[in-house]
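# Notes for the structure review
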Amino acid sequence: QRLLSEDRRDELSAIYLEFADRYFDGDKQVDPTGKGRPDYKQALTYYQESLKLKPSLVVRRRTQLRIAHAHRELGQLDEAISSYQSFLTEFAAKDAAPAMRAPETMEAQARYQLGQAQLAGGQHEAARRTWQDFLASDTGQAAGGKLPEEAAYRIAHTYRLPAPASISDLELGVAAHETFLKTYPKSELAPQAALEIAQSYSHHR
């Protein structure tokens, strides 16, 4: 029973996770520059191995989210999108049991980063829907921190600002940035949003 128990599986998973976190965060001891450069490929391998041991729910949630992050950092956007969507389906669905639900901070990270991966992968409309749904959700409204602010800022980029492909994209993108500026007038991103509005108009002169 001890060998098959959840606690024992977590102990074994922790061996893999120690190495995985070290590679994900960057090990200053093995980096010649002393800066601790991340090695997401190695981290991904160890995270995936740790899941094979079927750890507890708490460990599994954190590990699956880090797997998605590692895929995104490696530019493996299809895998990242799939991983974020799987995480949200399993741990953030409206009908999920309370015990299964991820903490709001993890859910907010997954929703925001899903939009990032979709945008980087050229899925502009999907990214827009992801961020709009995030901002309208209870999680988005309760998230605090920078994620709602950054999601609101990046919605304009789903219209390809500051180089929109059409007048329609120009108008919709500028409207998105203007909404952002009204909502977050003191944001550190506000000057950049204002600049991108001007650049977008210049792009279509």
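An account of the accompanying structure is given in this report. (Residues numbered from 1 in each chain as written. Predicted model: local features only at pLDDT ≥ 70, side-chain atom pairs only at ≥ 80, totals over all residues. Heavy atoms only, no water.)

So, about helix H3 (residues 57-73). The end-to-end C-alpha distance of H3, which contains 17 residues, comes to 24 Å, matching closely the 24 Å that a straight helix rising 1.5 Å per residue would cover. For H3, a buried count of twelve out of 17 residues is recorded, marking the element as mostly surrounded by other parts of the structure. Summarising the contacts, the buried residues of H3 are in contact with helix H1 (6-25), helix H2 (40-51), helix H4 (77-91) and helix H5 (104-120). In the stretch just after H3, Gly-75 is the one whose phi turns positive, near 80°. (Helix = DSSP H or I, 4+ residues; strand = E, 2+ residues; numbered from the N terminus. Expected span 1.5 Å × (residues − 1). Buried < 20%, exposed > 50% of the residue type's maximum accessible area, 1.4 Å probe, protein only. Contact = heavy atoms within 4.5 Å.)

Between Leu-161 and Pro-162 the backbone carries a cis peptide bond, its omega angle lying at 10°. Of note, Pro-162 is situated in the loop between helix H8 (147-154) and helix H9 (167-183). One non-glycine residue, Lys-54, lies in the positive phi region at around 55°. Within the secondary structure, Lys-54 sits in the loop between H2 and H3. For Arg-160, which is not glycine, the phi dihedral falls at a positive 70°. One can find Arg-160 in the loop between H8 and H9.

Turning our eyes to something else, we now look at the pattern of salt bridges. This structure, assessed with the given rule, holds eleven salt bridges. Arg-66 is the salt-bridge partner of Asp-25, the closest N and O atoms lying 3.5 Å from each other. You can see Asp-25 sitting in helix H1 and its partner Arg-66 sitting in helix H3, a full 41 residues away along the chain. The salt bridge partner of Glu-49 is Lys-52, with a shortest N-O separation of 2.9 Å. Relative accessible area serves as the criterion here: at 27%, Glu-49 is assigned to the partly exposed category. On the basis of relative accessibility, which here comes to 59%, the residue Lys-52 falls in the exposed class. (Salt bridge = Lys/Arg side-chain N within 4 Å of Asp/Glu carboxyl O.)

Within the secondary structure, Gln-64 is located in helix H3. Those residues within four positions of Gln-64 in sequence are excluded, and the remaining contacts are Leu-51, Phe-87, Glu-90 and Phe-91.

Overall, the coordinates contain nine aromatic pairs when judged by the stated rule. Ring geometry for Tyr-16 and Tyr-46: centres 6.4 Å apart, planes at 45°, overall tilted. Of the two residues, Tyr-16 sits in helix H1 while Tyr-46 sits in helix H2, which places them 30 residues apart along the sequence. Look at Tyr-16 and you get partly exposed, because its relative accessible area is 30%. Each residue in the set Tyr-16, Phe-19, Tyr-23 and Tyr-46 is aromatic and connected to the rest through ring pairs, giving one cluster. (Phe/Tyr/Trp six-rings, centres within 6.5 Å; stacked < 30°, edge-to-face > 60°.)

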